[in-house]
Amino acid sequence: MPSEFELRRAICDIGRRIWTRGFVAANDGNISVKLDDNHLLTTPTGVSKGFMTPDMIIKVDRQGKKISGRLEPSSELKMHLAVYEMRPDVNSVVHAHPPHATAFAVTGMPIYKPIMPEVIISLGWIPVAPYGTPSTEELAETIRDHLGCHDAVLLENHGALTVGTDLTNAYFKMETIELTAQISLIARMLGGEREISPENVDKLIEVRKKMGIRGRHPAVTESCPSSPLVDEEGRMIASGQSDSRISDERLVRIITKVTQEVLAAIDG
Ligand code: 13P
């Protein structure tokens, strides 16, 4: 078990990585780590995450109350607390705005096509949680519907959120979604992705099971959707789960899409 100082230093290292790799600009992004059952360490608000030192990291309790630190905790702490409350298996949360993944988030497009073995094995498909105002309870609520099935979620018109068994694990998932988004985008410019067949996807899921990889994955978590419901342009209409905060506009799009699919099936 790493010491508190080691965890503070690890947060600074990952902060430097997300800034150096262009996953955040200026003061964007936030990182947290579970210190023990009752306490978390979080990045401070309003500072560049690329230039933090261990003394700048804030200790808070599980209700978000500051225990120590001269700066204030991340304005997104509510979102981090919601993750730890929902997912006792999670020990670290990373939020950033990596440009290619965020481009999918701002167009409302989930990353769902099975195109690369590593992503199929590690994460499965990546949903888009509906927009919520940053720093408010609203944003925390929008991710709840997705965390049951996913360790990586795109935040509509905002960025990306990854969770993991430790800080490196959560951060690597951020690298994975960014690289996948970048490759998808380039592949589309070259004429479109070729998908891995369902039979080969099944084999990869077996590989995952044999490797004993931990964390949520839609293909190995009970009652998780195997893919999202998307419109003609690939924008996410619904996750396939019970979206509790579904808007009227989204509901109309779901009904239209389902009707189209039923009519197509009858025609076919
Ligand atoms: P904080 O500096 O308050 O963590 O906010 C950064 C951010 O990216 C908000 O979404």
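Note: the structure precedes this text.
Residues numbered from 1 in each chain as written. Predicted model: local features only at pLDDT ≥ 70, side-chain atom pairs only at ≥ 80, totals over all residues. Heavy atoms only, no water.

J.: Residues and numbers for helix 5 (residues 137-147), please.
T.: Buried within helix 5 we find Leu139, Ala140, Thr142, Ile143, Asp145, His146 and Leu147. At its buried positions, helix 5 is contacted by helix 2 (77-86), strand 6 (128-129), strand 7 (152-155), strand 8 (159-164) and strand 10 (236-238). (Buried < 20%, exposed > 50% of the residue type's maximum accessible area, 1.4 Å probe, protein only. Helix = DSSP H or I, 4+ residues; strand = E, 2+ residues; numbered from the N terminus. Contact = heavy atoms within 4.5 Å.)

J.: I'd like to hear about the environment of Ile143, residue by residue, with values.
T.: Mapped onto the elements of the fold, Ile143 is located in helix 5. On the accessibility criterion, Ile143 (0% relative accessible area) is buried. Considered as a pair, Ile143 and Val128 are 15 residues apart in the sequence and their alpha carbons are 8.9 Å apart. Those residues in contact with Ile143 that lie beyond four places of it in its chain are Met79, Val83, Ala129, Leu155 and Leu161.

J.: So, the site of the ligand: which residues are in play, and what are the values?
T.: Taken together, 13 residues form the shell around the ligand, and within it Gly29, Thr45, Ser74, Ser75 and Glu76 come nearest. The separation between an oxygen atom of the ligand and a polar main-chain atom of Gly29 is 2.8 Å. Within the contact set of the ligand, an oxygen atom lies 2.7 Å away from a side-chain nitrogen or oxygen of Ser74. Classifying every residue of the shell around the ligand gives no nonpolar, 10 polar and three charged. (Near = heavy atom within 4 Å. Polar contact = N/O pair within 3.5 Å; in protein donor to acceptor, adjacent residues only side chain to side chain. Nonpolar A, V, L, I, M, F, W, Y, C, P; charged D, E, K, R; others polar.)

J.: Provide a residue-level description of the packing of aromatic side chains, including the pertinent values.
T.: Using the criterion set out here, one finds two aromatic pairs in the structure. Arranged with centres 4.7 Å apart and planes meeting at 65°, the rings of Trp19 and Phe51 form a pair that is edge-to-face. Taken together, the positions of Trp19 in helix 1 (residues 4-20) and Phe51 in the loop between strand 2 (39-42) and strand 3 (58-61) put the pair 32 residues apart, joining distant regions of the chain. Classification of Phe51 as exposed rests on a relative accessible area of 54%. (Phe/Tyr/Trp six-rings, centres within 6.5 Å; stacked < 30°, edge-to-face > 60°.)

J.: So, the nonpolar core: which residues are in play, and what are the values?
T.: Ile11, Leu154 and Ile177 are the most contacted members of the largest nonpolar core, which has 36 residues in total. Per-element accounting of this core gives the leading share, six residues, to helix 6 (residues 167-189). Every residue in contact with Ile177, bar those within four places of it in the chain, is listed here: Ala101, Ile111, Leu123, Ile126, Ala152, Leu154, Ala160 and Thr162. The next biggest cluster of nonpolar side chains, apart from the first, holds 18 residues, and it includes Met79, Tyr84, Ala129 and Leu147. (Core = buried A, V, L, I, M, F, W, Y, C linked by side-chain atoms within 4.5 Å.)

J.: How would you sum up the pairing of strand 1 (residues 30-36)? Please name residues and give values.
T.: Buried residues dominate strand 1, accounting for six of its seven residues. Relative to strand 5 (residues 92-96), strand 1 runs antiparallel, the two being bridged by four bridges. By the bridge assignment for strand 5, Val33 is matched with Ser92. As paired strands, strand 1 and strand 2 are joined by four bridges and run antiparallel to one another. For Ser32, the partnering residue across the bridge sits in strand 2 and is Thr42. Where strand 1 folds back on strand 2, the antiparallel hairpin that results is connected by two residues. (Pairing = 2+ DSSP bridges.)

Interpretation note: all reported values are geometric properties and have no functional meaning in isolation.
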